[in-house]
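Results of the structural survey
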Amino acid sequence: MSAWLVNRKGEPQYRRHFLTNNSVSQVERCMSVMQSGTQMVKLKAGSKGLVRLFYLDEHRSCIRWKPSRKSEKAKITIDSLYKVTEGGQSDIFHRHPEGSLDPACCFTVYHGNHMESLDLVTSNSDEARTWVTGLRYLMAGISDEDSLAKRQRTHDQWMKQTFEEADKNGDGLLNIDEIYQLLHKLNVNLPRRKVKQMFQEADTDDQQGTLTYDEFAVFYKMMSMRRDLFLLMMAYSDRKDHLTADDLANMLRCEQKMVNITPEYVAEIIDKFEVSDENKQHGVMGIEGFTSFMRSPTCDIFNPLHHDVNQDMDQPLCNYFIASSHNTYLTGDQLLSHSKTDMYAWVLQSGCRCVEVDCWDGPDGEPMVQHGYTLTSKITFKSVIETINKYAFINNQYPVLLSIENHCSIQQQKKIAQYLREVFADKLDVGHVLTRESKTLPSPQSLQGKILIKGKRLPAYLSADAEEGEVSDDDSADEIEDDFKLKNSNGNGHHHQVESHIRKKLDSLLKESRIGDKEDTDSFSIRALLRATHQGLQKNLRQSSRGVLKKSQSRSFITTIKQKRHSKSRLTCQSGEEDDEQETSTREAGVQFNRGGRKRKTMKLSRDLSNLVVFTNSVASQECLNEGTPGDVLSFSETRAQSLVHHRAEHFLAFNQRQLSRIYPSAYRIDSSNFNPQFYWNVGCQLVALNYQTEGRMMQLNRAKFMVNGGSGYVLKPPPMCKGTFNPFSDDPLPACPKKQLVLKVISGQHLPKPPDSMLGDRGEIIDPFVEVEIIGLPIDCCKEQTRVVDDNGFNPVWEETLSFTLHMAEVALVRFLVWDHDPIGRDFIGQRTVAFSSLMPGYRHVYLEGLTEASIFVHVSVHDVYGKWSPLVLNPSFTIMHFLGSSKGNQFRGIRGLFNRTSKSSVDTTSAGIRKRSISDHLLRRTASAPAKGRKKTKMSLSESAAFMSEHKNGAGVEAIGEGVSGKEPGGEKRPQARPPLTHRPTSMPLERLLQGQLTLCSGDKEHEMGANAVIVEK
């Protein structure tokens, strides 16, 4: 374990392993120099260097520079740093003439999801060494942090950054006007009178009328008071303002479903999270400590055990989903982007276990890696495999599959084989596995530290003495029709050919619109295509010695694209058979025939390269699914795979129980968009390759899928997918197995920001958020449900609504939480978090939105088994605050109907006659006291008065209203909302219900039903 060190700011950080070669004083000197600032030259592609002052911010959380047109956004956070390299090693440095720059003065900072590089040149080598040392020190501290330390650090940084951004005049103090502006930015809708009152209570120093940072922290705590957590605490503390150790242990057992709760563990929680020394001495936890605990990683919705490998790794490879990358080397689109070896380092350390290498003949006998028939840049094959060798097993030892797309001559194939043997050496040796007599593939456990070459193998009937032979060449690079390929041209019409080529690709893309990502309609948007083609084309051709496209040509190009957009809906889709006919056009050497009767493409393969392929022999995807040995891997474009899934799903599933299959994106996805991987996971496809460089919905699903097993890149398939048969498109695919019912109570939100693409930015209006929960899994399980809209409150909105889902195969399902800002003409995306169903934790949990520091939603999770014929039964979660306080029929759960009714009437039960008396729960929780609903009187009841008033409502558990369930399927696989049966009360045997009704003071948690408290039996 690393030792704690305290820097001059008094902040503890882990640094031991870094400081073995660096003294504390040396590192602190580096920090001081970096914070003072250093003038450096920032190199950029295609332009002269820019002289800027780079400095480390006061909190050591980000690198900043000035001058910059980006102003406050001109920064790179330390959290986003990937690595720092010395010398001129990046592509930008390689473009400069050798000897023009001193390598000792050069260094590169790689950062972000797309491995962006910041290439800097200092005036002397000492400055470069100082920055490299300092940045590596900061990165070492982050990598050593546990989840709690990281959570606390990011919160502290966010607080300090928020204070600095609110301090408009830079005097280190916030006046009342700056506070008003900050609250609007944070989506807080508080009466000015109340803001002034809290401001005055926090302003305790001699400088009246302003808040220092420490005073602002007090003000922020007052403003952030969580009523939902306060009431939860009182429910278990017998209505006291603190929890004893026994109270806390009872809450952890009953609500969080934790086992083996010892007094020592509870004492450790109180000591770690309680802020009051007096409370620590008495062994109790107050509201601040309880809030910190509930917002800590301990109470995150993701199962902490899943951060490590937790599945059986001794089963055959075909029993696992394997994280796979397509065209790994590309940094952007498939037509004009750069190729970088750093992409291999990034995806491998992200958990990817199957990477792709497209090999082509290069100059001087050196094979190159590039995307064929395009304008993407080239990198050497040797540099690629050296990078793979360096980074393959840094984070885990499970095997890496190297998918070789071979387009080289025999001579360069031999060079490829030579490099593979020299660089990977014993990593290619799988002899210890081959000695076992087995008709199945080896396991990930038995192949630890090994690299498997996935490529073509010479047929067995060839003589062992034959140095080469012919094999099928139906691969992804030849998916594009020959007429669409960009051929080398020495004529003056080169640029016209490029433009024509792009236009043809776009035409084909439109014709292939059925491939398009129906769930993310922007994947094939004209805007994205323009960015990927026209702008990049201008940039590439500007560097060409043959000149650039004429402006008239560019204008005509754009006009043509716009015209195609309007005609897109009128184009018909091509059939799968037509695709196969197009993609299997003849080649002179072809002597085999495909199922359409046409000659199949073939190529010559070297014996040296063939011998390196052991367990993963690439076979043409036209072969019958019923044939082949376990070592044969079939590769399908998404079009072919889609046809198989629709027409032969059960056969495909059976094939994937014996062998590996790889699915790759259509070559017409020139913008590097991704298909929905769940569609192919549903039939057991193991190697579903995605464009890792394209962030979005599909990569979010992919990340969630592989987080289940510690991000190892291997996730065990459910037993029905490994053995047996079922139809994933059936309405009841596994009738003999119990279903899972997921009941989610969406309680509240915290610190929800304005939409990232808001036109007015922070000055825009306060958001009106709502939550959408989506299930992605088997078609019968796919559905969405939404909460109502809360007006004008993004800081602490309260929904208190229950959403229920029934899943037939929960093991493959993903649960996606999305937060939207309701708008009269639509909705704006705020944030999301996707979690595998099997990684959900029960009880009260915070769902932190991905990529947002503080934003979260607070939910209650309960899962029940449903036996027998499925019916849309909805159970209460094990505890609802509205039950505790009492609520009126029709108000607690509104469901989807009337979601966007934004008037104050939306909270009133329209079915009841007369005027309904408002309960205390409406005052406290329906719209928090800090942000009352429009058209509603503001409650003047204080929190202490509210607590006292609760005893009068002890037996006032509300009758639950009829919500809306989910049944019936639409053609797209989603389910249409329909009326849900009445909600039924939770079994009275559950301890908390009795506790809240005054029937029980403490629950021992010893007694459990034989089938479990969460089991539900439905009559057949």
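Reading the values: the criteria
- Within every chain, residues take consecutive numbers counted from 1 along the sequence as written.
- In view of the model being predicted, local features appear only for residues whose pLDDT reaches at least 70, and side-chain atom pairs are presented and counted only at 80 or more, with totals across whole chains, interfaces and linings using the full set of residues.
- To obtain the side-chain values, all non-hydrogen atoms of the structure were included, while hydrogens and water were left out.
- Runs of H or I in DSSP of at least four residues are treated as helices and runs of E of at least two as strands, each being numbered from the N terminus.
- Under the scheme applied here, a residue whose accessible area is under 20% of the maximum for its type counts as buried, over 50% as exposed, and between as partly exposed, the area being computed with a 1.4 Å probe on protein chains only.
- Surface exposure here means Shrake-Rupley accessible area, sampled with a 1.4 Å probe, where a residue is shielded only by the protein chains that are shown.
- For the purposes of this section, nonpolar cores are sets of buried Ala, Val, Leu, Ile, Met, Phe, Trp, Tyr and Cys residues that join through side-chain atoms within 4.5 Å.
- The contact definition used throughout considers only heavy atoms, calling two residues in contact when any of these lie within 4.5 Å.
- At least two bridges found by DSSP between two strands are what make those strands a pair.
- Every axis corresponds to a line fitted to the C-alpha atoms, with the helix fit spanning only the stretch in contact, and the corresponding angles, defined between N-to-C directions, vary from 0 to 180 degrees.
- For salt bridges, the criterion is a side-chain nitrogen of Lys or Arg within 4 Å of an Asp or Glu carboxyl oxygen.
- To estimate how far a helix should reach, multiply one less than its number of residues by 1.5 Å.
- Throughout, the arc means the angular range of directions from the helix axis out to the C-beta atoms.
- In this scheme, roughly parallel covers angles under 35 degrees and roughly antiparallel covers those over 145, while 65 to 115 is roughly perpendicular and the rest are oblique.
- Note on residue categories: nonpolar means Ala, Val, Leu, Ile, Met, Phe, Trp, Tyr, Cys or Pro, charged means Asp, Glu, Lys or Arg, and polar means any other residue, Gly included.
- Confidence scores labelled pLDDT are given residue by residue by the predictor and lie between 0 and 100.
- The term disulfide is used for any two cysteine sulfur atoms that are within 2.5 Å.
- We call two N or O atoms a polar contact when they sit within 3.5 Å, provided that within protein one can donate a hydrogen and the other can accept it, with sequence-adjacent residues counted only if both atoms are side-chain atoms.
- Only the six-membered ring of Trp is used, alongside the rings of Phe and Tyr, when aromatic pairs are assigned; centres must lie within 6.5 Å, and planes under 30 degrees apart are stacked while those over 60 apart are edge-to-face, with the rest tilted.

Here we look at the overall build of the chain
A count of helices and strands for the chain gives 30 helices and 37 strands. Split into buried and exposed, the 1020 residues of the chain put 56% on the buried side. On the chain, roughly 44700 Å² of surface is accessible, and the fraction owed to carbon and sulfur atoms is 50%.

Some details on the nonpolar core
One finds Val357, Phe381, Ile388, Leu402, Leu420 and Phe652 to be the most contacted residues of the largest nonpolar core, which totals 83 residues. Residue contacts for phenylalanine 381: discarding those within four places in its chain leaves Val357, Cys359, Pro367, Met368, Val369, Ile404, Ile416, Tyr419 and Leu420. Ranked by size, the runner-up nonpolar core spans 35 residues in total, among them Phe302, Leu742, Phe805 and Val835.

Describing unusual backbone geometry
Geometrically, the link from lysine 66 to proline 67 is a cis peptide bond, its omega value of 0° lying close to zero. With respect to the secondary-structure elements, proline 67 resides in the loop between β5 (62–66) and β6 (75–77). A positive phi is found at histidine 751, a non-glycine position, where the angle reads about 55°. If you trace the backbone, histidine 751 turns up in the loop between β27 (739–750) and β28 (769–776). Using a relative accessible area of 15% as the deciding quantity, one classes histidine 751 as buried.

Some remarks on the sheet that holds strand β31 (residues 814–823)
Reading across the sheet, the four strands line up as β29-β28-β31-β32 and stay open at both edges, with antiparallel pairing between neighbours. Taken across any chain shown, the strands that pair with only one partner, and hence form the sheet edges, are β29 (783–786) and β32 (826–836). Within this sheet the neighbouring strands show an average axis-to-axis angle of 20°, counted without direction. Two strands pair when backbone bridges link them, and β28 and β29 are joined in this way by four bridges, in the antiparallel orientation. For glutamate 772, the partnering residue across the bridge sits in β29 and is glutamine 786.

Overview of the pattern of salt bridges
Counted according to the given criterion, the structure contains 20 salt bridges. The partner of arginine 60 in a salt bridge is glutamate 28, and the shortest N-O contact between them spans 3.2 Å. Residue arginine 60 is located in the loop between β4 (47–56) and β5, and its partner glutamate 28 is located in helix α1 (residues 24–36); the two are separated by 32 residues in the primary sequence. Through salt bridges with shared partners, one network takes in Glu695, Arg703 and Glu850.

Focus: α1
Every α-helix winds through 3.6 residues per turn, so residues three or four apart in the chain are directed the same way. If you check α1, its first and last C-alpha atoms are 18 Å apart, about what 13 residues at 1.5 Å a residue would give, namely 18 Å. Within α1, burial applies to Val27, Glu28, Cys30, Met31, Met34 and Gln35. Looking straight down α1, one finds that the buried residues subtend no more than 155° of arc, so they occupy a single side. Opposite the packed face of α1, turned more than 90 degrees from it, sit the exposed residues Ser25 and Ser36. The positive-phi residue at the C-terminal boundary of α1 is glycine 37, with phi of around 105°.

So, the side chain of threonine 130
Tracing the chain through its elements places threonine 130 in helix α3 (residues 125–144). Dropping the residues within four chain positions of it, threonine 130 is found in contact with Arg29, Cys30, Val33 and Met34.

Observations regarding the packing of helix α9 (residues 245–254) against helix α10 (residues 263–273)
At their nearest, the axes of α9 and α10 sit 10 Å apart, and the two run at 105° to each other. Classified by the interaxial angle, the pair formed by α9 and α10 is roughly perpendicular. In this structure, α9 uses Ala245, Leu248, Ala249 and Leu252 to contact α10, whose residues at the interface are Tyr265, Val266, Ile269 and Ile270. The residue inventory of the contact of α9 with α10, partitioned by class, reads eight nonpolar, no polar and no charged.

Here we look at α10
Buried residues of α10: Val266, Ile269, Ile270 and Phe273, and no others. Buried residues in α10, looked at end-on, bunch into an arc of 95°, giving them a common side. For α10, exposure combined with an orientation more than 90 degrees from the buried face picks out Glu264 and Asp271.

Thoughts on the environment of leucine 452
Within the element layout of this structure, leucine 452 appears in strand β17 (residues 451–454). With 49 residues separating them along the chain, leucine 452 and serine 403 place their C-alpha atoms 8.5 Å apart. Once you skip the residues sitting within four places of it in the chain, leucine 452 turns out to touch Leu317, Val400, Leu401, Leu402, Val430, Leu447, Phe615 and Thr616.

Points about the pairing of strand β21 (residues 602–606)
On a regular strand, each side chain points to the face opposite its neighbour's, so the side chains alternate between the two faces of the sheet. Counting buried positions along β21 gives four out of five residues, so the element sits mostly inside the fold. Looking at chain direction, strand β18 (residues 468–472) and β21 are connected through five bridges and run antiparallel. Within the sheet, the bridge partner assigned to valine 471 lies in β21 and is methionine 603.

So, the confidence of the model for the chain
Segments scoring low in pLDDT should not have their predicted coordinates read at a detailed level. Of the residues in the chain, 68% reach a pLDDT of 70 or more, and the chain-wide mean stands at 75. Contacts of residues 870–1020 to residues separated by more than four positions or lying in other chains number 302 contacts, the stretch itself having pLDDT below 50.

Things to note about the state of the cysteines
For the structure on display, the rule yields zero disulfides. Here cysteine 782 stays free of any disulfide, with the sulfur of cysteine 783 as its closest cysteine sulfur at 7.6 Å. The class of cysteine 782 is buried, set by a relative accessible area of 15%.

What to know about the side chain of threonine 133
By the element assignment, threonine 133 lies in helix α3. In terms of polar contacts, threonine 133 uses its side chain to reach the backbone carbonyl oxygen of arginine 129, at 2.8 Å.

Section: the pairing of β27
The element β27 is largely enclosed, with a buried count of 11 among its 12 residues. Summarising the sheet, β27 and strand β34 (residues 856–867) pair through 11 bridges and their orientation is antiparallel. In the strand pairing of β34, serine 748 is matched with phenylalanine 858. Two elements, β27 and strand β30 (residues 798–807), share eight bridges in a ladder whose sense is antiparallel. By the bridge assignment for β30, lysine 740 is matched with leucine 807.

Topic: the environment of alanine 667
When you line up the elements, alanine 667 lands in the loop between β24 (660–664) and α24 (678–681). On the basis of relative accessible area, alanine 667 is assigned to the buried category, the value being 16%. In this structure the C-alpha to C-alpha distance between alanine 667 and glutamine 334, which are 333 residues apart in sequence, comes to 8.2 Å.

Some points on the packing of aromatic side chains
Under the counting rule described, the total for this entry stands at 18 aromatic pairs. Between the aromatic rings of phenylalanine 273 and phenylalanine 293, the centroid separation amounts to 5.4 Å while the plane-to-plane angle is 70°, which identifies the pairing as edge-to-face. Pair noted here: phenylalanine 273 is in helix α10 and phenylalanine 293 is in helix α12 (residues 287–294), with a separation of 20 residues, a long-range link. We classify phenylalanine 293 as buried; its relative accessible area is 1%. Pairing tyrosine 320 with tyrosine 714 gives two aromatic rings, centres 6.1 Å apart and planes at 85°, and the pair type is edge-to-face.

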